[in-house]
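Coordinates in review
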Amino acid sequence: KAGVVTTVQLSHATPAGFIAHNKNRNDYAGIAREMFTESQLSVIIGTGHPDYNDDAIYTEGVNGYDYVGGEQVWNDLLTGKSTLGGKLVADIDNDGTPDSWTLIHDTEDFLKIGTGETAAPKRLLGIPQAGSTLQSNRSGGGSKVLEVPYNENLPTLADMSKAALNVLKNEQGFFVMIEGGAIDWANHANAPGRMIEEMIDLNDAVNKIVKWIEANGGWDENLLIVTTDHE
């Protein structure tokens, strides 16, 4: 199995680069459609929710629908269809039946899958109730850590990672790319406080992943690589 997890839009450059084939990195709708319908991914988690702004406040259609493949694809995802925008999703287990996505938004759903309280679905599409980032692009401040409070009711990168790992776990193995994508964004914005917040979030995710590995086969059966952007 394979998956991608990010704190920025799910069809942004890094998650897209692991699965999509598109000459234009800004074709977010085309990239998202390919990720949803043509890939064999079992997990896609990232922001870009059409109806929530960067402060995680409901504002219908505020972000448009490009990051989730277009309005028709979004509506099809909401109703659990196996046809998205007129195209069937992939059959990832070769049983002759297209495997539709289980779409979640609520933090509680991420937590329940991450703890095993809810059974892991075959394919998980997690889109938290946030616009461009989970936390980094929230209004106000940026020069100091927690100059303004975090957006409430959103999962952390660790929460999303644990959910992804529980979906991907299987006897044949898996690959997952997990990205603290907004670290780079905060640096581009010259917002050191936000960069530090994002690094704390990444470090916490790494620590939780290490604990998951230790409880699931240990280092004889798992490899964890931690790297930095552009390095």
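Quick notes on the rules
- Residues numbered from 1 in each chain as written.
- Predicted model: local features only at pLDDT ≥ 70, side-chain atom pairs only at ≥ 80, totals over all residues.
- Heavy atoms only, no water.
- Helix = DSSP H or I, 4+ residues; strand = E, 2+ residues; numbered from the N terminus.
- Rg over C-alpha atoms; globule rule 2.2 N^0.38 Å.
- Buried < 20%, exposed > 50% of the residue type's maximum accessible area, 1.4 Å probe, protein only.
- Contact = heavy atoms within 4.5 Å.
- Areas by Shrake-Rupley, 256 points an atom, 1.4 Å probe, with all protein chains shown as cover.
- Pairing = 2+ DSSP bridges.
- Axes fitted to C-alpha atoms, helices over the stretch in contact; angles between N-to-C directions.
- Parallel < 35°, antiparallel > 145°, perpendicular 65-115°, else oblique.
- Left-handed = near helix turned anticlockwise from the far one by under 90°.
- Nonpolar A, V, L, I, M, F, W, Y, C, P; charged D, E, K, R; others polar.
- Phe/Tyr/Trp six-rings, centres within 6.5 Å; stacked < 30°, edge-to-face > 60°.
- Lys NZ or Arg CZ within 6 Å of the ring centre and 35° of its normal.
- Salt bridge = Lys/Arg side-chain N within 4 Å of Asp/Glu carboxyl O.
- Patch = residues over 30% accessible without salt bridge, like charges linked within 9 Å, V, L, I, M, F, W, Y side chains within 5 Å.

This part takes up the overall build of the protein chain. Across its full length, the protein chain carries seven helices and seven strands. Beginning at the N terminus, the succession of helices and strands in the protein chain can be written as β-α-α-β-α-β-β-β-α-β-α-β-α-α. Over its C-alpha trace the protein chain gives a radius of gyration of 17 Å, about what one expects of a compact globule, namely 17 Å for 231 residues. Overall size of the protein chain, expressed as C-alpha extent along the three principal axes, is 55 × 45 × 35 Å. Here the protein chain, with 231 residues, has 49% of them falling under the buried criterion. Long-range contacts, defined here as pairs at least 24 residues apart, represent 65% of the contacts in the protein chain between residues at least 6 apart. With the model as given, the accessible surface of the protein chain reaches about 11,400 Å², and the carbon-plus-sulfur share is 48%.

The next thing to look at is the pairing of strand 1 (residues 2-9). By the criterion of burial, strand 1 is predominantly enclosed, with seven of the eight residues buried. In the sheet, strand 1 pairs with strand 2 (residues 43-47) via four bridges, with the strands oriented parallel. Across the sheet, residue G3 finds its bridge partner in strand 2, namely V43.

Relative to each other, helix 4 (residues 107-115) and helix 5 (residues 157-168) sit at 50 degrees, their axes nearing to 7 Å. By the angle between their axes, helix 4 is oblique relative to helix 5. Along this stretch, helix 4 crosses helix 5, giving a crossing that reads as left-handed. In this structure, helix 4 contributes F110, L111, I113, G114 and T115 to the contact, and helix 5 contributes D159, M160, K162, A163, N166 and V167. Each residue belonging to the contact of helix 4 with helix 5 can be placed in one class, and the counts come to six nonpolar, three polar and two charged.

Here the focus is the packing of aromatic side chains. As enumerated under the stated definition, the model contains five aromatic pairs in all. With a centroid separation of 4.7 Å and 45 degrees between ring planes, the pair formed by Y28 and Y67 is classed as tilted. With Y28 in helix 2 (residues 28-37) and Y67 in the loop between strand 2 and helix 3 (71-78), this pair connects stretches of sequence that are 39 residues apart. By relative accessible area, which is 14% here, Y28 ends up buried. Looking at R123, its charged tip hangs above the ring of W101, at a distance of 4.0 Å from the centre.

Here the focus is the pattern of salt bridges. Tallying each qualifying case throughout the model produces eight salt bridges. In this structure, K87 and E38 form a salt bridge, with 3.0 Å as the shortest nitrogen-oxygen distance. Taken together, the residues span a long stretch of sequence, with K87 in strand 4 (residues 87-88) and E38 in the loop between helix 2 and strand 2 at a distance of 49 residues. Residue classification places E38 among the partly exposed positions, given a relative accessible area of 48%.

The next subject is a nonpolar patch on the surface. Judged by side-chain polarity, V145, L146, Y150, I196 and I200 come together as a nonpolar surface patch covering roughly 430 Å² of accessible area. Mapped onto the elements of the fold, V145 is located in the loop between strand 6 (124-126) and helix 5. Relative accessible area serves as the criterion here: at 40%, V145 is assigned to the partly exposed category.

Our next topic: the environment of S82. Residue placement: S82 occurs in the loop between helix 3 and strand 3 (83-84). In this structure the C-alpha to C-alpha distance between S82 and F110, which are 28 residues apart in sequence, comes to 22 Å.

The strands that make up a sheet are held in pairs by hydrogen bonds between backbone atoms, and each pair lies either parallel or antiparallel. One open sheet holds the five strands; their spatial order is 5-6-2-1-7, and the pairing between them is parallel. With partners counted over all chains shown, the strands left at the sheet margins are strand 5 (102-104) and strand 7 (175-179), one partner each. Here the average twist between neighbouring strands, direction ignored, is 10 degrees. Relative to strand 6, strand 5 runs parallel, the two being bridged by three bridges. Its bridge partner being in strand 6, I104 is matched across the sheet by G126.

These values are about where atoms sit, not about what they do.
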